[in-house]
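# Examination of the molecular architecture
Listed here are the chains, written in short residue letters.
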Amino acid sequence: MRYFLGLDIGGTAVKYGIGNLSQGLIVQDSFPMQAHDLASFQALILSNVTSLIQRFPQYPISATGVGTPGTIELTSGLLQGVNPNLKFWLGKNPVCVLPEAMQVGACCDNDANLMTLAEAQGYSGVVMGLTVGTGIGTGLALDGRIYRGAHGYAMELGHISLERGGKPCKCGLQGCLESYSSVTGILSSAGMVNSVYSDLSLSELIAQSHTTPALAEIIDHARSYLVQALQIATLVLDPAQIILGGGAMDAGLYDAAQVAQELHLSLGQHPHRPELFKARRGNSAGLMGAILMAEQRFADKAE
Ligand SMILES: [Zn+2]
């Protein structure tokens, strides 16, 4: 049996674990993301990952997969866009965070791609995954493998423009899906109604929306943009399944059944209605995806 190490690097925490396709996630752990530069990040990874490997010698690591926010250019492997909490990460190959001996046989990908890869297991054909959190990430799996496009930039659904001259987005465009329907986007819309709303946590936002009609209306508006983007993606890609994941789905910002119903309505007489559901692996989907990516790449090299 072969075992693979996965890391899911997020803005607030790093999840890591050992597993494989047949046994799933066998062991996992996490640590808070407190590094503000690459050297301290490498030191954190070294101590935590080494400790995990030493605690479980029965699972020798064959290869490692690293997942991170941002877009990874296909040829160079360099990170092109980045979570604001991980500024030092820009322009790096995410594999460089691993201890040197582990960089051989390591690979990396965007966290939304990896969530999609994990959630698409067991399905054939076209599966689309979308993560809702600080931003909006999207991935597409074709027969269980991630589609990356010509340069690694495929499936940037978070940055399709839905409102001409709309809200500015951190990508430089205006009216992007992410600037309305991500948690950051909703908080900025809410802050325009009342500045105190922009400092709410996600759980406070959801709780207050039950008693504050203005907040409920902003979330409804955000969901309608999400549905609009999913309708476009459905008409372009004809996915069999759409999976909604990420921290905000876990927290209950959007109800997957309601999104599905509104998406199906928006498709009118279109003959196909994709199945839409919430990520089954929840918060560990990205980590499992990193492990599966390492297993797929390792198998490719062995062929
Ligand atoms: Zn954008």
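Residues numbered from 1 in each chain as written. Predicted model: local features only at pLDDT ≥ 70, side-chain atom pairs only at ≥ 80, totals over all residues.

### Quick word on the sheet that holds strand β8 (residues 145–146)
Convention followed: Any two strands with at least two DSSP bridges between them are considered paired. Numbering of helices and strands starts at the N terminus; helices are DSSP runs of H or I of at least 4 residues and strands are runs of E of at least 2. Two residues qualify as being in contact provided that their C-beta atoms, derived from the backbone, are within 7 Å of each other. In this analysis, axes come from line fits to C-alpha atoms, helices being fitted only over the stretch in contact, and the angle between any two N-to-C directions falls in the range 0 to 180 degrees.
Here we have five strands laid out as an open sheet, ordered β8-β7-β6-β9-β10, and mixed in their pairing. The open sheet has two edge strands with one neighbour each: β8 and β10 (275–278). Note that strand β7 (residues 136–142) and β8 share two bridges and pair antiparallel. Considered in β8, the bridge of Leu-142 is made with Arg-145. Across the sheet, helix α3 (residues 111–119) lies against β6 (126–132), β7, β8 and β9 (241–245), angled at about 45° from β7, the strand it touches most. Relative to the sheet, helix α9 (residues 256–266) contacts β9 and β10, its axis offset from that of β10 by approximately 160°.

### A short note on the nonpolar core
Inclusion rule: By convention in this section, buried Ala, Val, Leu, Ile, Met, Phe, Trp, Tyr and Cys residues joined through C-beta atoms within 7 Å make up a nonpolar core. Three exposure classes are used, based on other C-beta atoms lying within 10 Å of a residue's own C-beta, which is placed from the backbone: buried for 20 or more, exposed for 12 or fewer, and partly exposed in between. Domain ranges listed in this record stem from an automatic or a database domain assignment.
In this structure, Leu-226 and Leu-244 are the most contacted members of the largest nonpolar core, which totals 79 residues. Here this core gathers at least three residues from each of two domains, domain 1 (3–116 + 283–302) and domain 2 (122–279).

### Quick word on the domain arrangement of the chain
What counts, and what does not: In the scheme used here, Gly and all other residues not listed as nonpolar or charged are polar, with Ala, Val, Leu, Ile, Met, Phe, Trp, Tyr, Cys and Pro taken as nonpolar and Asp, Glu, Lys and Arg as charged.
Split by domain assignment, the chain resolves into domain 1 (3–116 + 283–302) and domain 2 (122–279). Distance from the C-alpha centre of domain 1 to the C-alpha centre of domain 2: 25 Å. With 16 residues of domain 1 at the interface, the matching set in domain 2 holds 19 residues. Of all the elements in the fold, those that place two or more residues in the side of domain 1 that touches domain 2 are β5 (106–110), α3 and α10 (285–302). Ranked by residue count, the leading element in the side of domain 1 that touches domain 2 is α3, at five residues. A breakdown of the residues in the side of domain 1 that touches domain 2 according to their chemical character gives five nonpolar, eight polar and three charged.

### Focus: the pairing of strand β3 (residues 24–32)
Two strands pair when backbone bridges link them, and strand β2 (residues 13–20) and β3 are joined in this way by eight bridges, in the antiparallel orientation. Note on β3: the bridge partner recorded for Ala-13 is Pro-32. With antiparallel pairing between neighbouring strands as the criterion, β2 and β3 make up a hairpin whose turn holds three residues.

### Things to note about the sheet that holds β3
Strand order across the open sheet formed by five strands is β3-β2-β1-β4-β5, with mixed pairing between neighbours. Pairing within the sheet leaves two strands with one partner each, and these edge strands are β3 and β5. The sheet shows a mean angle of 20° between the axes of neighbouring strands, direction not considered. Of the strands in this sheet, β2, β3 and β4 (61–68) touch helix α1 (residues 38–55), which is tilted by about 145° from β3.

### Comments concerning the packing of helix α7 (residues 213–237) against α9
The condition that has to hold: The scheme is simple: roughly parallel for angles under 35 degrees, roughly antiparallel for over 145, roughly perpendicular for 65 to 115, oblique for anything else. Throughout, a crossing is termed right-handed when the near helix is turned clockwise from the far one, and left-handed when it is turned anticlockwise from it by less than a right angle.
Contact geometry of α7 with α9 gives a least axis separation of 9 Å together with a crossing angle of 55°. Comparing the axis directions of α7 and α9 gives the class oblique. The way α7 lies across α9 gives a crossing that is right-handed. Judged by residue contacts, Arg-223, Leu-226, Val-227, Leu-230 and Gln-231 of α7 engage Val-259, Glu-262, Leu-263 and Ser-266 from α9. When the residues that make up the contact of α7 with α9 are grouped by side-chain class, the tally is five nonpolar, two polar and two charged.

### Here we look at the environment of Thr-211
Within the secondary structure, Thr-211 is located in the loop between α6 (202–209) and α7. You can call Thr-211 exposed: it has 8 C-beta atoms within 10 Å.

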